[in-house]
Structure formats: structure tokens, C-alpha cells
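Architecture at a glance
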Amino acid sequence: MSRRPFIPVLTGIPLGIIAIFVVASRWIVPNATKQDIMTGVTSPGTAGHLFGTDQLGRDIAQLAIAGAGSAVVGPIVIALGSMMIGIMLGTLAGYIGGWLDLLLSKYADLLLALPTTLVALVVTGLVDGGYWVTVLVLIMLFSPTDIRMVRGSVIAQTGRPYIESAKVLSLGRIRIMFRHILPNVLPVAFSTMLINVAFALMSLSALSFLGLGVGPGVPDWGRQLSDSRDLLDRNWGALILPAMLIIITAAAINLLGDWLQERFEERSVQR
Amino acid sequence: MTQLLSRGSLTRFIVVRLAATGLLLLVLSFVVFALLHLTPGDPARNLVGVRNVTPELLQTIRDKYHLNDPFMSQYLHWLGNVLHGDFGESIRNNTTVTTLLSDRVTLTLQLSSLSFLLTVIIAIPLGIAAAWRTGTVLDRSVSAASIVGVGAPTYAVGLLLLYIFGLWLDIFPVYGSGDGGFDRWWHLILPAITLASGLAAMVFKLTRTAVISELNQDYVAFAQSRGLTRRQIRSLVLRNAMIPVATSLGLVFAFLFGGTILVEVTFALQGIGSLLAGSVTFKDLPVVQAITLLTATVIALTALAVDIFYYAVDPRVRQRGIR
Amino acid sequence: MNCGLSLSNLVVTGPAGLIVTRMDLHVEPGQTVALVGESGSGKSMTAKAMTGLLPTGVTATGNLQLDDITVDLALGPDALSGLRGKHISLLLQNPFTSLSPVHRCGEQITSALAPDLRRSKDEIRRRLDEVDLPERVARQYPFELSGGMRQRVALAASLASNPQILIGDEPTTALDVTTQREMLDLLERIQRERDMSLLLITHDLGVARERADKILVMYAGRLVESGQGAEVFARAQHPYTAGLRDSDPPLEHRLVELPAIAGSVPRPWEVAIGCVFAPRCERADDRCHKEAPELVGTNSQVACWKPITPSDPQRPIQIATDVQAQNTDNNLVVVTGMCKRFSPDTPPALDNVDVSIRIGEAVGIVGESGSGKTTLARCLIGLERYDSGTVSWTTDVPMAQRAQIVFQDPTSALNPAMTIGASLAEALRAGQRDKSEVPSLLQLVGLPAEYATRRPHGLSGGEQQRVAIARAIAPRPKLLICDEPVSSLDVSVQAQILNLMNSLIEELGIALLFITHDLAVVRQVVSRVYVMSNGRVVESGPMENVLLSPQHEYTRQLFSSVAGK
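All of these numbers come straight from a predicted model, not from anything done at the bench. (Residues numbered from 1 in each chain as written. Chains lettered and ligands numbered in written order. Predicted model: local features only at pLDDT ≥ 70, side-chain atom pairs only at ≥ 80, totals over all residues.)

1. A few points about the overall build of chain A
- Across its full length, chain A holds nine helices and zero strands.
- Along chain A, helices and strands appear, N-terminal first, in the series α-α-α-α-α-α-α-α-α.
- Seen along its three principal axes, the alpha-carbon backbone of chain A occupies a region of about 75 × 45 × 30 Å.
- Per-residue burial for chain A yields a buried fraction of 51% across its 271 residues.
- When contacts within chain A are restricted to residue pairs at least 6 apart in sequence, those whose partners lie at least 24 apart make up 74%. (Helix = DSSP H or I, 4+ residues; strand = E, 2+ residues; numbered from the N terminus. Buried ≥ 20, exposed ≤ 12 C-beta atoms within 10 Å, placed from the backbone. Contact = placed C-beta atoms within 7 Å.)

Below, the structure written as C-alpha cells:
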């Protein structure tokens, strides 16, 4: 089932908008966090506030735009960091094998024995370090899956004749790993990374929803959703806007990553 | 089935896997125990919590939890208690951890089983149907929906459903766990649907992929060429696809746990998930330790069950024996 | 009324275009018809169209008539559901994937029968008996059986509903040479007992020659020639048939050069105007390029504007005098007593193997799968470790310049992420040569210099293998090891590569270790041969001697199993 190029376009538009939010929120909505206790909660459509305001008088829409950064930047860093670890350790484990491979496999098994959210919750809750510490913790938690994936891909490549030919040419291990194996593993790694961004988005925002991660008062979609619970009867906009933003962003990233994965699979099957 | 499934080999298989599981849990228990000492701050202080800290209180705590003993003996002591079902006392409330858990465990079980049931009933048949008819409207639309389902964060979906069906349309109750019996289940419908949405998306995708992969195999073409009926071919395919689908269900289990925490918090349900969330924020260590260890045990046992299922169902595994 | 199977006007279309055009065939009751062609000829698709098993996106039109049942293929695959199994049955190539891995053999064989017969032990036993399999197989799973046995189970399964015609799509290609013969004999016997027709699809000319009453030759989706049995080849009228026959390596003698058909097989939809074969045909004239010829003739038919007639001059066959094995002690490498065992409970892969290769000599190792020939090569070149024995080289250049290897599968032999030029430059550097040699290297293997900027995936199988050979000889190794280098290639391309190898050996003076299961192929290249079975060398000696008077029982069995030569 091959999909027309309309997927990148379909996903590109919302993602592009979000990207603008992330980069330029400082200029678009400089006063997002400005509180106005006098106004209090208002429902969507009141003058000047398309989606109303929350208890502290903050405009929901502005807050959401400002929150894009915290919702998206962290997950990208997580996916990137995790994949980098995955590539480094996965390649070593897959190609060199031996005790290193065994060690990493056991480490991965251990970490994967518990659900990510649970471990993330426990560790970030106990350590209590804020946004970037949470990001670091999630990188550690996501890395075993990436290590496994890269390792598998590397092992699959290692058996192929062109790698054996490289060995027969007496090319050094490092050269074989970087010049031959890695370039063929990277495309799949990239599309997996994209899907990881979506998962990281879910995990990170879930943590801030539960009250961990982001500090209070910092714009964040998860936090906004958590706060919206008290406002449901007075301002439904406080729920709808951040919820839709999260769902659309995550879905767009997922669709894109999925589409890329299919494309890469098709290409490798052709060979 | 009986030929390869001799009594002896199956028991041997189970014993070996149990031993491996036990070892894993042992290591995990060690890590869980060490949490107390890994958290920043003085363990004794952490165990005191927000109560007034006096030197006498600290001393009592130290004696009670053997904090002055060497690390390993502390661990063994704790482990001994745990195996007797004693996880200590909650710092937040003044009850034993065990009582706290047992009060809430039923709700979490009800929620999880309802979600699991919903997932299996919806996702697996849909996955099979979509695989059978790839490219059709059914396939494309459900696949698209599942991508959204996988991506949508559980709590966001939960809140949306809560608002639409709870507040706006006023069909379901908004918060709380209801008063026993049918009312309880009624309260759990919305949360279960929330949880099931993410799970179902995953299971649908995995089922669909597994069945499509089997349909492309040579043995299906060969079966068709021999004139087997559609129904016969379907049973042939499903029998083979069962194996990867079972693996996926096992994977789903892990996701289930994470999701339960979020759903319980969102819908203010008094289950183990919300207990964990609250305990972490409050740094109620004994509770956190207990829940973590229990979760790990359940997941490990599920993995073991999946392995045994493999053994029973896939003759190739039986031949390879114990890995 | 039993009048056999008739296929008329078959046209198969796929997403890229035409796959098969205007195909007609007729099989008499009890007859064996061979459908011969190379990859892309459309023979497999024809079989699939006849059974309604075309892949998604591929449609067929035409008429199929079996006895008094007529089916219009344009109605789709369901129109054939009445015929499948009960009248027409299919036997596939790969015995390892034809059967469901999680069901027992017994139940798979009878699954096409009525429910009450399905579980009947007698029924199952009867059918296993028919294919010479013991009763215990019924309770076993496919993975517990060897390839040959699995194919028999598949055969029994396809015969279950007693079809009138069995279509075998390369049914013996995946089997060992000795097993092949057994299988074909079995098929013949079953045919006779059941008065069943057989449509045999194969690329192996020898099999067709030996077993078929009628042979149809396909090229790029079209039927180009048909006729009675071996006559089709002996008195080939179509230039392609003649070319195919000529490029098929003979076993009796060694040729100076194998006549090869220039170029490679086009995809069926790529040829628009004129005769399909015209671009590669030596005899083609203007008309051939503009108008597509129709099939003419009665008993034997041919589609050609300029068919070969008996009066045409015969192409001279240049028989080479077999290169005498050198008697001088000019050894390049000597292997003594090599032993290897992969695991304690399997038989040894190598059992006290002694092999020697002299400088500039071409040596062959023949054997079936599991004989250890590949393991030997891998141990020799350092890709695998051996348990005991010695390998002594009389040269001390670095390993990369001692020996290089060419593998069987050209598609995964090259790094898909690197350009051809880069791969070759890297290989040159490994032999301490400069990358400026890339163009001359490409020329040496018969490829244009522009290929240096291309990537492997756009090339044909034959071209990819040439690049693989170029990379292997780039560091000018003293020994070139080839492990089944032509087994994955079409016959016409095979001939090209074998010629290339011969010329390279002569030009560069390198030694060659040629490993294969195909005796005719090895005949054309080597002067000395080792025969291996179950990890041991059972016989060795000059190629011609071993061929004409094999000493060992196994060697004799091996040679006599080769079909049609």
C-alpha cells in the first residue's frame, strides 16, 4: 500500500505551524504568562480572548502558543539523544558482539521489564529536578529500545556479502562500521527516531500533566490540560485547544514517521 | 499436539523460565530497595516526611528500619518482609502499605480487565478484517484512525471524552468510582474506553501487519492452488498469525500499566495508579517501592505466560527447546 | 471428454505494463509440456494466470479450456476457483515455504479433501505411500524434514484432489542435483499411474530436454518457439532458442568460449515495437525492428521473420583442449587436514580436507549443499575459523592481496549506499593501488566507464556480478575464490560471466577456486576438480579424467544425475 506524496504535505502544514510557534513564541505572544486576576475565568469568545482565560486571567490561546516549545523541544532532544546512544552502543554491540553485547542486552532487558511511564514517574518524582532532568531521564529510558533496534539492524547487515567482502579486503573494523554498516542503518534509524519523538511527546507531557517535570507557571500543554480540569464547567476552551494541539502534533509526527518507514522498507525490498 | 508436548519437557521449560524470571525480579527488587538510599537526602528524613522532625523521631525511624545496619543486611531484611507481604507503613497515611493497596487493587483490576477486553474485542477482529481487505475503504479509514489513536496521549483523550460525554452530553458520570456493583462498572466505562483507544490502535496495527505478512507467504498461495476454501485458508493464516499477535498483546500489557496511572488520575479514580502518582509527588517511599515491585512481578509473569503460550502453540519453539 | 488443457490468447498486464502477450498453449492428456525461459520471460505469470493466483495489481484476459469446462480469465480469479485443486494443481518452487510451519504434514496433505476423508489415517498413509514417504511423516512438522521430503509432501498435497493436470513452477530448482532426479522420476511415475498431464516450468534446458514431450520457449512475455521435445533445441529455428541452447554450458567438452547472447533480458513491457528479441539478435533486419512476427507453423511453431533453417551455416564449436594440470610443484596454497565442526552434535562440516592450488591454476570444488565446499572457501579466506589443520601459502603479501572472493548473490554483494566507483576505489586502495585505475578496471570486466558514478541498485544481475568481480580483482589477488558466482544468473548471462572469468584468468594470471554444484559450469572453467560430500573430499583429479571415469560411487551418482547432458 503506497501512499501518494500527500502525506508529507498533510503533516507538514500543522507541523510547520507548530514549528513557528516553537521558534517565534517569544515574539508572537510575549505576554502569554501575564496574569490578570481581575478578569478571572472567561469562556471562549469573550472580547480579545478567542479561547477564553484561565483562573489567573491568562489567555488560553496565547498560553498554548507559548507552550509549544516545552511540548516539542524536549521530545526532539529525547529522541535525538536516545537514538545517538542507540547508534553508538547498538553498532558496537551488533558488530563486535561478545561481552559488550551481552551486557547491553541484559541492561536493556532490565530496563524494559518495567513500563516506561512508571519508571519515569518514580525517578523524576523522587529526584525532582525539573524539565531538563526529566528529559535526561527519558533519554535513558528510551535508549534500550533504540540500542536493540540498531543492534538488530547492524546484525542483519553484517551477514550480508558486501560486509564480508569488506572484511576480506582487510578493511579495519571502524571503517567497516562507519563507512559500510552505518549508512545503511541510518535511514531506518531516522524514521524510528521520528516515531520516538511522538512517544516522547506523550511521555513528557504525561509527566507534566501529573505535576512533574515542568516548573509551575511555565507554559506547557500537559500542565495546561491538568489545570483545565478545574475549569471545565466555565471554560471548555481551556481543554479543547491544548488537547487538540497535542493530538494533532503527535498524530502528524506519527503519520510522517510511519510513511517514512514504509518508504524505506520499500526501498530495501527492491534491492 | 501431544507428541511434542511431553510432560517432562514442558515442566522443564516452565521451571527454567521461572528461574530466569525469579532472578530478574530479584535484581529488580534490589534496585527498588535501593531507591530509598538513592533519593537525595537522608533516608531517615525522607521516611519521616512532613511530620515534625525531632532527633528522637529520627532515632526511632533509624531503629525501626535498621538504617544503621550494613546495606546488604538491610536489603535482606526488607526482602524478607516483602516475601511475607509486609511492605511497611505509608508515610502519608498511617496505615500499612498492604492495606492501602488492597483497598484499591480491585478498582485497578476492574479497569484494566475492562480495557483489555474492549481492546481485544475491537482491535483484533478489525485488524484481521483490514488485513484481509487491504487498500479498501475499511482498511484505510481504520488505519488512519489508529495512527491518531496511537499518537493521542491518553490523558488528553480522557479529558476530551470526559468533557464531551460527561459534562456536555451528560451521559456518563464525571468523576469518582461509583458505589459498587453495576454503578462501579458504569463509572469505569469512560476511563476504560480512554485506555482502550490507545491500546486498540496499537493492537490493530500489529494484528494487521502480522496477518498481512502471513497472507503474503507461499503456503497461502499453495493452499489456494489446491482449492482450499476461504474459510480453511483463514484458519491456516490465523493459526500462524496467532504467534506474533500474542507477542504484541504481551507488549501491550506494559503500555496498559502506564496508561492506567494517567486514566485514574484524570477521572479521579481510587486505584493503584493514582495512588502511585500521589505517592511519588509526596515521596511516600514504601508505597512507591511496593507498587513498583508488584508491577514488575505482574509484567514478568505475563512475559512468562506468553513464553509458555509460544511453547504450546509453535512447534518450532518446542523443537529448539529451552533457549 | 478428455481433451486436455487449452490456453488461448492469454494476456497478462501488470502495473508497469504488459507481462505476457498473446500466449497460447495446449497440453494433451498425459503429456508433459515444458515451458522454458529465463527470468522475466513470463512463464511463472502464465502459470499463475492459469490458476487464478496472480498478485494484486496484475490482471489477465484470455480463455482457458479444460475438457468441457471453459473459463474466461477476464472474469477474475474467482472464475477459476472451481478448477483449482480438483482439475488443475500447482506445485511451487520453494519447499521451505510451501507448507504451513505450524501444521502437521499429514493434515496438510489431505486438507483439500472432504471433511470425512481428511482425518482418515488410511487416506493419509495411501498418499504418503504414493510419493515414497514413510508413514511417520504424517505426524511430523515440515521443519523436521529435508528439502526433498518437504517437496514430496507438497506434491502429495497438490495431488490430493486428483487433478488432471499438474503445473510445476520450477519444482526441482531448489533441490540438490541427486534429489532433483529422484523428484523428476517420481513425477514421471505418478503421471503414468494417474494419466495426468504435467506442465513443467523451468529455466533448466537439460530438464526440459530430458522430460518433455513438447517444449515451449518464452522470451520477454512472448512465446517465440514451440516444438516436439529435444528437437526444439537440436533444430532450433528461433535465434533466441539457438542462442539459449548454445550458451548453456555442455558437459561433454570444454569450449574455448561459450557463445553468449549479448546484452541482457529486457522486461516485457520495455519492448514496444517490432520483434522482442531484435535488439539482441545478430540476424535482425529493418523489418524485425519494426514489425512483431506472429507465431507460425503447425507441429513446431516459431515467431520470427528470419528463422534459422537447416541450410544455414552451423556455428562452429571450438572445443578447447583441456588445460593439462600442471605437474610442476608450483603451489600457491596448500590446505592440509582441515577439520571444522560447527557444534558438537552436528556432523563435521569439514573432515580432514586436503586441497592444493597452484599458481595461476583454475581449480573447481563440486558438491551438493552441506558438502562443506562453501565452508572450506570461507576458512581459506579467513571468514570462518577452522578447528585443526594447516593452510600454507607460498607468498607473504598481505591477506587482501592473497585471496579475494565473489559470492553467489550479486544484489547484496555491493554496498547499496556507495557508488560503484567508490567501492572499486576502496578495493584498489586495499591492494595498494591508485583509484585512477577505476575506469580500466571497469573496462576489464566489460562495463562502460560511466558506471563508476552509478549505484548498484540500478544494474542488472549480470552487471552487478561484473562489478563484484571487478572489486575482487582490484587488489590483484593471487587467488580468486568464486562461490556459486553464476547460480543466480540467467543462462545467457551466465555464459557471459564464465567467458569473462576465463579471460581474466588468462590475462591476469590469477589462480581460481571455483565452487559450484553445477557440473557443466565448472567443466568450462577449471582444469582440476575436487568432489566433496559430507565434509570430505571423495575424489580429485584433472577435470576431464574425473568426468569421463569417476572412481568414487558418489561422483558417479552425481554425474549421472545431471539432467539432459
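There's more to say after this.
2. Brief notes about the interface of chain B and chain C
- Chain B puts 19 residues into the contact, and the matching count from chain C is 26 residues.
- Counting residues per element, the ones that place at least two in the side of chain B that touches chain C are helix 9 (218-225), helix 10 (230-266) and helix 13 (315-320) of chain B.
- The dominant element in the side of chain B that touches chain C, judged by the number of residues it contributes, is helix 9 of chain B, at six residues.

3. What about the interface of chain A and chain B?
- On the chain B side, the residues contacting the 35 residues of chain A number 38 residues.
- Split by residue class, the side of chain A that touches chain B holds 26 nonpolar, seven polar and two charged. (Nonpolar A, V, L, I, M, F, W, Y, C, P; charged D, E, K, R; others polar.)

4. Focus: helix 1 (residues 43-51) of chain C
Residues and elements named next belong to chain C.
- The buried count for helix 1 comes to eight of nine residues, which makes it a mostly enclosed element.
- Those residues of helix 1 that sit buried are K43, M45, T46, A47, K48, A49, M50 and T51.
- Just beyond helix 1, the residue with positive phi is G52, at close to 70 degrees.

5. Some words on unusual backbone geometry
- Even without being a glycine, C:R22 presents a positive backbone phi close to 45 degrees.
- At C:E484, a position not held by glycine, the phi torsion is positive, near 50 degrees.

6. Examining the pairing of strand 5 (residues 69-72) of chain C
Residues and elements named next belong to chain C.
- Here strand 4 (residues 59-66) pairs with strand 5 via four bridges, running antiparallel. Within the sheet, the bridge partner assigned to Q65 lies in strand 5 and is T70.
- In textbook terms, the turn of a hairpin is the stretch between consecutive antiparallel strands, and for strand 4 and strand 5 this stretch comprises two residues, one of which, D67, has a positive phi near 55 degrees. (Pairing = 2+ DSSP bridges.)

7. Concerning the nonpolar core
- Residues A:L121, A:L138, C:V153, C:L479, C:I481, C:L512 and C:L513 are the most contacted members of the largest nonpolar core, which totals 325 residues.
- Dropping the residues within four chain positions of it, C:L479 is found in contact with C:L332, C:V333, C:I357, C:R402, C:A403, C:I510, C:A511 and C:L513. (Core = buried A, V, L, I, M, F, W, Y, C linked by C-beta atoms within 7 Å.)

8. Focus on the sheet that holds strand 3 (residues 32-36) of chain C
All names here are of chain C.
- Judged by pairing direction, the sheet is mixed, and its seven strands sit side by side in the order 6-7-8-3-9-10-11 without closing on themselves. Across the chains shown, the open sheet's two edge strands, defined by having one partner strand only, are strand 6 (88-91) and strand 11 (301-302).
- Where strand 7 (residues 165-169) and strand 8 (residues 197-202) come together, five bridges link them in parallel fashion. By the bridge assignment for strand 8, I165 is matched with S197.

9. Here we look at the packing of helix 6 (residues 137-151) of chain B against helix 8 (residues 181-215) of chain B
Residues and elements named next belong to chain B.
- Closest axis-to-axis distance for the helix 6/helix 8 pair is 8 Å, and the angle between their directions is 130 degrees. Taken together, helix 6 and helix 8 sit at an angle that is classed as oblique. Crossing geometry of helix 6 relative to helix 8 is assigned as left-handed. Residues V142, S146, G149 and V150 of helix 6 form the contact with helix 8, whose own contacting residues are S197, G198, A200, A201, M202, F204 and K205.
- Grouping the amino acids of the contact of helix 6 with helix 8 by side-chain chemistry returns six nonpolar, four polar and one charged. (Axes fitted to C-alpha atoms, helices over the stretch in contact; angles between N-to-C directions. Parallel < 35°, antiparallel > 145°, perpendicular 65-115°, else oblique. Left-handed = near helix turned anticlockwise from the far one by under 90°.)

10. Focus on helix 7 (residues 154-168) of chain B
Residues and elements named next belong to chain B.
- For helix 7, built from 15 residues, the straight-helix expectation of 21 Å at 1.5 Å per residue is met to within 8% by its first-to-last C-alpha distance of 20 Å.
- Its axis deflected by about 25 degrees at L162, helix 7 carries its strongest bend there.
- Those residues of helix 7 not exposed but buried are T154, Y155, A156, V157, G158, L159, L162 and Y163. (Expected span 1.5 Å × (residues − 1). Bend = angle between axes of the 7 residues up to and from the residue.)

11. Some points on the environment of C:T179
- Mapped onto the secondary structure, C:T179 falls in helix 6 (residues 177-194).
- In this structure the C-alpha to C-alpha distance between C:T179 and C:S561, which are 382 residues apart in sequence, comes to 8.5 Å.

12. Structural notes on the sheet that holds strand 14 (residues 362-366) of chain C
Residue and element names in this part refer to chain C.
- Read across the sheet, six strands follow the order 16-17-18-14-19-20 without closing on themselves; strand pairing throughout is mixed. The open sheet has two free edges, formed respectively by strand 16 (403-406) and strand 20 (536-542), since each of these has just one partner strand. Neighbour to neighbour, the strand axes of the sheet diverge by 15 degrees on average, direction disregarded.
- Across five bridges, strand 17 (residues 479-483) lies against strand 18 (residues 511-516) in parallel orientation. Across the sheet, residue D483 finds its bridge partner in strand 18, namely I515.
- Strands in contact with helix 15 (residues 461-473) are strand 16 and strand 17; relative to strand 16, the strand with the most contacts, it is inclined by about 170 degrees.

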